[in-house]
Each structure stands twice: as structure tokens, then as C-alpha cells.
There are 2 protein chains.
Amino acid sequence: MKNKNSRLETIRLIISEQDIKNQEQLLQVLNSRGFSVTQATLSRDLKKMKISKVANTYGDYLYVLPNHALLQKKANGLASEGISASQPRYGFVSLNFSGNMIVIKTKPGYASSLAYDIDNHNVPGVLGTIAGDDTLLMVLAEGSNRQEIKRLLEPIIISL
Amino acid sequence: MKNKNSRLETIRLIISEQDIKNQEQLLQVLNSRGFSVTQATLSRDLKKMKISKVANTYGDYLYVLPNHALLQKKANGLASEGISASQPRYGFVSLNFSGNMIVIKTKPGYASSLAYDIDNHNVPGVLGTIAGDDTLLMVLAEGSNRQEIKRLLEPIIISL
DNA sequence: CGCCATTAGGAATATTTATGCAATATGAAA
DNA sequence: TTTCATATTGCATAAATATTCCTAATGGCG
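Keep in mind that what you see is a predicted model, and the values were worked out from it rather than measured. (Residues numbered from 1 in each chain as written. Chains lettered and ligands numbered in written order. Predicted model: local features only at pLDDT ≥ 70, side-chain atom pairs only at ≥ 80, totals over all residues. Heavy atoms only, no water.)

Considerations on the pattern of salt bridges
All names here are of chain A.
Piece 1. Enumeration according to the criterion identifies 4 salt bridges over all chains in this entry.
Piece 2. Salt-bridge contacts for Glu9 lead to Arg12; the nearest nitrogen and oxygen are separated by 3.2 Å. With Glu9 and Arg12 both in helix α1 (residues 4-17) and 3 residues apart, the pair spans about one turn of that helix. (Salt bridge = Lys/Arg side-chain N within 4 Å of Asp/Glu carboxyl O. Helix = DSSP H or I, 4+ residues; strand = E, 2+ residues; numbered from the N terminus.)

In C-alpha cells form, the structure reads like this:
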């Protein structure tokens, strides 16, 4: 049962882990993980997360997460002002500032969904994000206060 | 009326030129171009070409070609320090400076083709670009003049 | 030519997804 | 707490898309 956010997060995980070809199937999987909702709710959930169905090489249409990045990068920031998660969400690993940028490392595959969530929160001072597979690059507005941005990001990354 | 292949090609063209949100709408456009078919045929056509519907930044689900790089549209709008499209009809959404970088936001799927184009123009002062799905990051040479760079970029963005 | 296999496509229908409405829950403000 | 606003969700149904079934048209090939 749990709450909506954990359901959304679970949906993202399921979508990225296995081939889901319709909402009925997604419903089954969610049930097996303790979530009980109707197809109507799933339709709304998917729309909210901008999830869509695209064809794979075999022509099967499967649900996929949005904002899949085309590039992967590696970062090597310094860590004096970073965050380390106690109860990491989204496979969060680390966060470091470098110049007017933030580099967030995640477990493989998690970067884009975290980027999606950060984008959705419209954090002031964050001009944009680019996500690879396990690295998320955020560009900050000039004059941004690092502590302030960190304070705003922390609940998004860690909470729940 | 013509043959199937020219219809398929026309569909591809329409999809990449305008925002099509359902098969009914596509049907209208095809009619206006002299093709007369039913929704059933369109469904088959779209499947054959692996076309799918994905959400744009505003949450509207639109048909897109399987290869995002094929999306080529035109950009309009430009502005003061940065450039921003007040009513973004094309891929370009906004441009902002931050330190020695520029962040360009585009509609989903457009960033990489814009990056490609900018790279090809060898704009002096632009060291390199990296693109995600809807965000393009450009790294500028130190001491670059913003107005100068903007002046060089504008025609590229607008003429896309 | 006649015969068969293949392809294309319409009409009707099935399947899948989205939504209007109403009920309940949650949260904020007084 | 009470009240008002907003969010969440299910149910029923609408809308959108896919498919089944059938007919025609086409192209070898003997």
C-alpha cells in the first residue's frame, strides 16, 4: 500500500528492470510488491512521470523512462562540501561541487531518474542537468550559494 | 493515393515536421496531402516504422521517429543576455551562461542534433559540447566574450 | 492462361489507455 | 479542532490504438 511516492519510485524501478508491455502487466508486478491500485491510477502515474512506450529492435513496444541520456561521463570532484546519504534513494552514491557544477554519482542506471526528479522540483539555481548512466551533472546559476543548493537538494535525494 | 512507400515516407516527414498527437490528426494531414486511408492502416504503418509516442517537456505525448537524431526542426526566438523562446515551437527552448559554460535547453530529443550542428560550425571560443536528451552543455574557452559567442551561436540555432 | 502465394487495406471489433465524476484523505490556516 | 482547499483514487466510460477477418489486387510460375 504505502504512499504514492514510493509507488512511483517502484514503477520507475520496474520499468528500468524488466520489459513491461502494458499497464495490466505493470499492475501484476506492482501487486507482487505490495502495491494495490487500479489501471486508472497507473495511467496517471505514467503520465506524471512522462514514461512512454517505444519500440525495441524486435518491434515490441515497451515502457521506458524519459530523459535517457546519450552520453556518459566520469567526474572527479573534490568532496569537502558533499553529501553522503544515510538512506540513499535512487541509488545515490555521492555529491560533489566543482566550480559552478555539481557532480552526483549514483549506482549504475539510476542517474536519469534522479535527474528527472531534480528537474521536476525546479530547484532555484539549477540551470539544467545532464544524466549519464551513473553520473549526473548539474550546472548551477552564477552566484549560487552552495550550501543553499545543497540544502534544497538533500531532501530530494535522501528523503523517503 | 499513390503507393504505400510514399505514404510511409510522407508520414515520416509529417511526424518530424509537426506535432502529431494521435492517429486521427495524422489522418487529417495525410488527407490534405492526397492520401486516403483509415486509422487501421495508420496503426499498421506506425508500427512498421517503429514510431512511438513520447512526452515532451509540457507533458504532451507526441509521435516521434525511432531515431531521435532524425528530429530536425527550426528554432525561433532569441533574447537579451541569454536567448529564450517565449513560445517555443521548435526544439530550442532557452540559453543561459554560467561561468565558462552555456546551458541550452531543448525539447526532448533535440539536444544532440543541435550539439552536432554547433560542433560542425567550429565556433571559436567553444571548446566542446556534450548533450543529453533535452540539455546541451557547451564549455567555453577562458576569457571568451559572451556577446561575441552569442552572436556566433544565434544564426546556428535559428537556422537549424 | 489458371493457380497459388503474398500483400494491402477496409470494417468491425478487441484491447489498451485516458478521463469525468464523486468520494475520501491530507494538509494548511484560523 | 473546524473549515477550506488540494490531492489521491476508484469506478465507469470515453478515447485511442491494435487486431481479426475478409476481400481485392498483384506477381510469379507451370
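The structure having been displayed, the exposition proceeds.
Focus on the protein's contact with DNA strand C
Piece 1. Near DNA strand C lie 17 residues; those nearest to it are A:Ser43, A:Arg44, A:Lys53, B:Thr41 and B:Arg44.
Piece 2. Taken together, the sugar and phosphate atoms account for 62% of what DNA strand C places within 4 Å of the protein.
Piece 3. A distance of 2.7 Å separates a phosphate oxygen of DNA strand C from a polar side-chain atom of A:Ser43.
Piece 4. In the model, a phosphate oxygen of DNA strand C is placed 2.8 Å from a nitrogen or oxygen of the A:Tyr63 side chain.
Piece 5. Those elements giving two or more residues to the surface near DNA strand C turn out to be α3 (39-48) of chain A together with α1 (4-17) and α3 (39-48) of chain B.
Piece 6. The residue makeup of the surface near DNA strand C, split by class, is 4 nonpolar, 7 polar and 6 charged. (Near = heavy atom within 4 Å. Polar contact = N/O pair within 3.5 Å; in protein donor to acceptor, adjacent residues only side chain to side chain. Nonpolar A, V, L, I, M, F, W, Y, C, P; charged D, E, K, R; others polar.)

Structural notes on the interface of chain A and chain B
Piece 1. Taken together, the contact pairs 28 residues of chain A with 30 residues of chain B.
Piece 2. Interface of chain A and chain B: buried area, both sides summed, is about 2,100 Å²; carbon and sulfur atoms make up 61% of it.
Piece 3. By the criterion of area lost to chain B, the three top residues of chain A are A:Lys50, A:Tyr61 and A:Ile130, representing 24% of everything that side buries.
Piece 4. Here chain A and chain B share 0 salt bridges between them.
Piece 5. Inspection of the region where chain A meets chain B yields 6 residue pairs in polar contact (both at pLDDT 80 or more).
Piece 6. Elements represented by at least two residues in the side of chain A that touches chain B include exactly α3, β1 (52-55), β5 (126-131) and β6 (135-140) of chain A.
Piece 7. The residue inventory of the side of chain A that touches chain B, partitioned by class, reads 14 nonpolar, 9 polar and 5 charged. (Contact = heavy atoms within 4.5 Å. Buried area = accessible area lost by both parts, 1.4 Å probe.)

Description of unusual backbone geometry
Piece 1. One non-glycine residue, A:Lys50, lies in the positive phi region at around 60 degrees.
Piece 2. Of note, A:Lys50 is situated in the loop between α3 and β1.

Side note on the packing of α1(A) against α3(A)
Residue and element names in this part refer to chain A.
Piece 1. Two numbers describe how α1 lies on α3: the axes approach to 11 Å, and their chain directions differ by 75 degrees. Comparing their axes, α3 and α1 come out roughly perpendicular. Contact residues: Lys4, Arg7, Leu8 and Ile11 in α1; Thr41, Leu42, Asp45, Leu46 and Lys48 in α3.
Piece 2. In the contact of α1 with α3, the residues fall into 4 nonpolar, 1 polar and 4 charged. (Axes fitted to C-alpha atoms, helices over the stretch in contact; angles between N-to-C directions. Parallel < 35°, antiparallel > 145°, perpendicular 65-115°, else oblique.)

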